[in-house]
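# Remarks on the overall topology
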Amino acid sequence: MQSSELSDLLAPYLVPPTQPRHRLFHGRGKTVPALEWLTIDCFAPVLVATVFRAQDEAILQALESCLATALMGLGCDTLVVQHRYDGKAENVLVCGELPESPLAKEDGLVYKLDFQRGQNLGFFADMAQGRRWIRERAEGKKVLNLFSFTCSFSVAALAGGAESVVNIDLSDPALRLGQQNHGLNGFEGAKVHYLPHNIFRSWKKLHSLGRYDIIVIDPPSAQKGSFMVEKDYPTLLKRLHKLLAPQAEILACVNAPWLDYGWLETCLEENLPGAERVRRLPGAPGFDEVGEPALKTVHYHYRRPAELDS
């Protein structure tokens, strides 16, 4: 690829979006085959490009030059390029200066970004529709946020009027960032629990905090020693009825390009009696895909089978 070709391919995406979104260019969606190795996100005043495959130095210089030129028009003054390949993730500040407290802003809420984390900045832009889903139906509900990471679902649920939220994740640093997210949005005094535990060893604790009206299941696809999606998702679902209210809502998610919607929906059908599929959630704005998205999110309504009450 020539440097000029790269600039021409990116030019249509480096303009202010017509609707609010963070993902400006989603090369991983394969809509531009020559640029499957690149994504570009805007967290004004910071523009973030992620490179998923090693590139020639000339291409990288052309990319940085192209993006630096586009900064002002996108309301940004800082460019970060993350190199994520060969098992590593390095964030390189190309120009400008990172804000003291960089934030992702969405639907009137804010989420702290951490450029020291490496691969994940602490906020997943592709889950925008999931956060809207829970905010729309959380009023007065008890929510369980499984694999909560930095608790963006919890913040959105409280913004929607949730009575309480339980967040559980194996990463204590992620939960601490989640607590900061609650504080940034004025939810310091909300009824929220943060459990830095392995879910499979915490059923008694989760049960003691109540039956839940809404449960979000958003696990890692492959986290050695903690969760391997194809083995552990069915196990989790088989035990979930002990935590669900007699009628409840579930957001079932899986982010694994090698698994399709059919796998997820069959998994629910076979392992959680009483769960009825409502609909698949659309992808977040900007995450254009040629085929099925890597992230699948499906809304289920749960009604406890009569035999479980006997």
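Overview of the structure. Everything numeric in this text was worked out from a predicted model, so none of it was measured. (Residues numbered from 1 in each chain as written. Predicted model: local features only at pLDDT ≥ 70, side-chain atom pairs only at ≥ 80, totals over all residues. Heavy atoms only, no water.)

### A look at the side chain of His83
- Here His83 shows up in strand 4 (residues 78-85).
- There is a polar contact of 3.1 Å between the side chain of His83 and the side chain of Tyr85.
- Residues contacting His83, with those up to four places away along its chain left out, are Val51, Leu60, Lys88, Ala89, Glu90 and Val92. (Helix = DSSP H or I, 4+ residues; strand = E, 2+ residues; numbered from the N terminus. Polar contact = N/O pair within 3.5 Å; in protein donor to acceptor, adjacent residues only side chain to side chain. Contact = heavy atoms within 4.5 Å.)

### Some points on empty space enclosed by the protein
- All chains considered together, the criterion is met by one cavity of 30 Å³ or more.
- Roughly 30 Å³ of volume is contained in the largest cavity.
- For the lining of the largest cavity, the secondary structure elements donating two or more residues are strand 7 (109-112) and helix 3 (128-137).
- Here the element with the most residues in the lining of the largest cavity is helix 3; it accounts for three residues.
- In the lining of the largest cavity, the residues fall into three nonpolar, no polar and five charged. (1 Å grid on protein atoms, 1.4 Å probe; cavity = no way out; pocket = protein on both sides within 12 Å on 5 of 7 lines; lining within 4 Å. Points joined across faces, edges and corners; volume = space filled by probe spheres on them. Nonpolar A, V, L, I, M, F, W, Y, C, P; charged D, E, K, R; others polar.)

### A word on the pairing of strand 5 (residues 88-95)
- Relative to strand 5, strand 4 runs antiparallel, the two sharing seven bridges. Opposite Gln82, over in strand 5, you have Asn91 as the bridge partner.
- The hairpin formed by strand 4 and strand 5 contains two residues between the paired strands, and Asp86 there has a positive phi angle of roughly 55°. (Pairing = 2+ DSSP bridges.)

### What about the pattern of salt bridges?
- Within the structure shown, the criterion is met by seven salt bridges.
- Between Asp41 and Arg23 there is a salt bridge, and its shortest N-O distance comes to 2.5 Å. Taken together, the residues Asp41 in strand 2 (residues 38-43) and Arg23 in strand 1 (residues 23-26) connect sequence positions 18 residues apart. Note on accessibility: Asp41 and Arg23 belong to one class, buried.
- Between Arg277 and Glu265 there is a salt bridge, with the nearest N and O atoms lying 3.0 Å from each other. Of the two residues, Arg277 sits in strand 15 (residues 275-280) while Glu265 sits in helix 8 (residues 261-271), which places them 12 residues apart along the sequence.
- Residues joined in a network through salt bridges with shared partners are Glu265, Arg277 and Arg280. (Salt bridge = Lys/Arg side-chain N within 4 Å of Asp/Glu carboxyl O. Buried < 20%, exposed > 50% of the residue type's maximum accessible area, 1.4 Å probe, protein only.)

### Here we look at the side chain of Asp232
- Among the structural elements, Asp232 can be located in helix 7 (residues 229-239).
- A relative accessible area of 8% means that Asp232 is categorised as buried.
- When sequence neighbours within four positions are dropped, the list of residues in contact with Asp232 reads Phe200, Ser226 and Phe227.

### Details of the layout of surface pockets
- Its volume calculated, the second largest pocket comes out at about 160 Å³.
- In terms of lining residues, the second largest pocket is bounded by 13 residues, among which Pro20, Arg21, His22, Lys105 and Glu106 are the most central.
- For the lining of the second largest pocket, the secondary-structure elements that each account for two or more residues are strand 6 (103-106) and helix 3.
- Of the residues contributing to the lining of the second largest pocket, the split by class is six nonpolar, one polar and six charged.

### A word on the packing of helix 7 against helix 8
- Packing of helix 7 against helix 8 leaves a shortest axis separation of 9 Å and a crossing angle of 35°. The handedness of the crossing between helix 7 and helix 8 is right-handed. For the pair helix 7 and helix 8, the contacting residues are Val229, Glu230, Tyr233, Pro234, Leu237 and Lys238 in the first and Trp263, Leu264, Cys267, Leu268 and Asn271 in the second.
- Tallied by class, residues from the contact of helix 7 with helix 8 come to eight nonpolar, one polar and two charged. (Axes fitted to C-alpha atoms, helices over the stretch in contact; angles between N-to-C directions. Left-handed = near helix turned anticlockwise from the far one by under 90°.)

### As for the sheet that holds strand 8 (residues 142-146)
- Pairing within the open sheet is mixed, and its seven strands lie in the order 10-9-8-11-14-16-15. Of all the strands in the sheet, the pair left with one neighbour each is strand 10 (192-195) and strand 15. Adjacent strand axes in the sheet meet at a mean angle of 15°, parallel and antiparallel pairs treated alike.
- Sheet topology places strand 11 (residues 212-217) next to strand 14 (residues 244-255); five bridges connect them, and they run parallel. Each bridged residue has a counterpart across the sheet, and for Tyr212 the counterpart in strand 14 is Leu244.
- Contacts from helix 4 (residues 152-159) reach strand 8, strand 9 (164-168), strand 10, strand 11 and strand 14 within the one sheet, and its direction differs from that of strand 9 by about 180°.

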